[in-house]
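What follows is the residue order along each chain.
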Amino acid sequence: GYIVPLEVSEEGRTTEFLLVPYYGACIHVPPPPSNQIVHIVSEMGVRVEDLYQPYWIEGTLRVKASSSDLAEAGYQMEAEKIYAYELK
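Please read these numbers as outputs of a predicted model, since none were measured by experiment. (Residues numbered from 1 in each chain as written. Predicted model: local features only at pLDDT ≥ 70, side-chain atom pairs only at ≥ 80, totals over all residues. Heavy atoms only, no water.)

Novice: Break down the sheet that holds strand S5 (residues 72–84) for me, with residues and values.
Specialist: Strand order in the open sheet formed by five strands is S1-S2-S3-S5-S4, and the pairing between neighbours is mixed. The open sheet terminates on both sides in strands that have one partner only, identified here as strand S1 (2–7) and strand S4 (55–67). Going from strand to strand, the sheet's axes swing by 35° on average, the running direction of each strand aside. The pairing of strand S2 (residues 13–20) with strand S3 (residues 38–47) spans six bridges and is classified as antiparallel. For Leu 18, the partnering residue across the bridge sits in S3 and is His 39. (Pairing = 2+ DSSP bridges. Helix = DSSP H or I, 4+ residues; strand = E, 2+ residues; numbered from the N terminus. Axes fitted to C-alpha atoms, helices over the stretch in contact; angles between N-to-C directions.)

Okay, here's the thing in structure tokens:
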């Protein structure tokens with residue numbers, strides 16, 4: 001999915017973000033339904049300038065709603081691994 005940052009550190013990394021099914025999903029009105037959005041928390045984070053490409057994220061997925069100014073998420077995950085998605 002694609003990353004929509006909720007917080008950005010002074011170093012230019014986001015450690016709390018939404019994972020959405022397509023680029024720019026949260027700027028569309030209405031945004032995707034909550035069952036297509038995952039709220040991610042990550043210690044390592046992702047550099048903000050790298051957000052234009054899709055990512056694969058591994059971790060334990062929980063059914064737990066969360067809300068932000070951008071969208072409603074139906075799931076939460078603590079990311080264990082984050083890497084760029086490459087079509088093979």
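From this point, the narrative continues.
Novice: Account for the pattern of salt bridges, with residues named and values stated.
Specialist: What the rule picks out here adds up to one salt bridge. Glu 49 serves as the salt-bridge partner of Arg 47, at 3.4 Å between the closest nitrogen and oxygen. Taking the relative accessible area as the measure of exposure, Glu 49 reaches 52% and is therefore exposed. (Salt bridge = Lys/Arg side-chain N within 4 Å of Asp/Glu carboxyl O. Buried < 20%, exposed > 50% of the residue type's maximum accessible area, 1.4 Å probe, protein only.)

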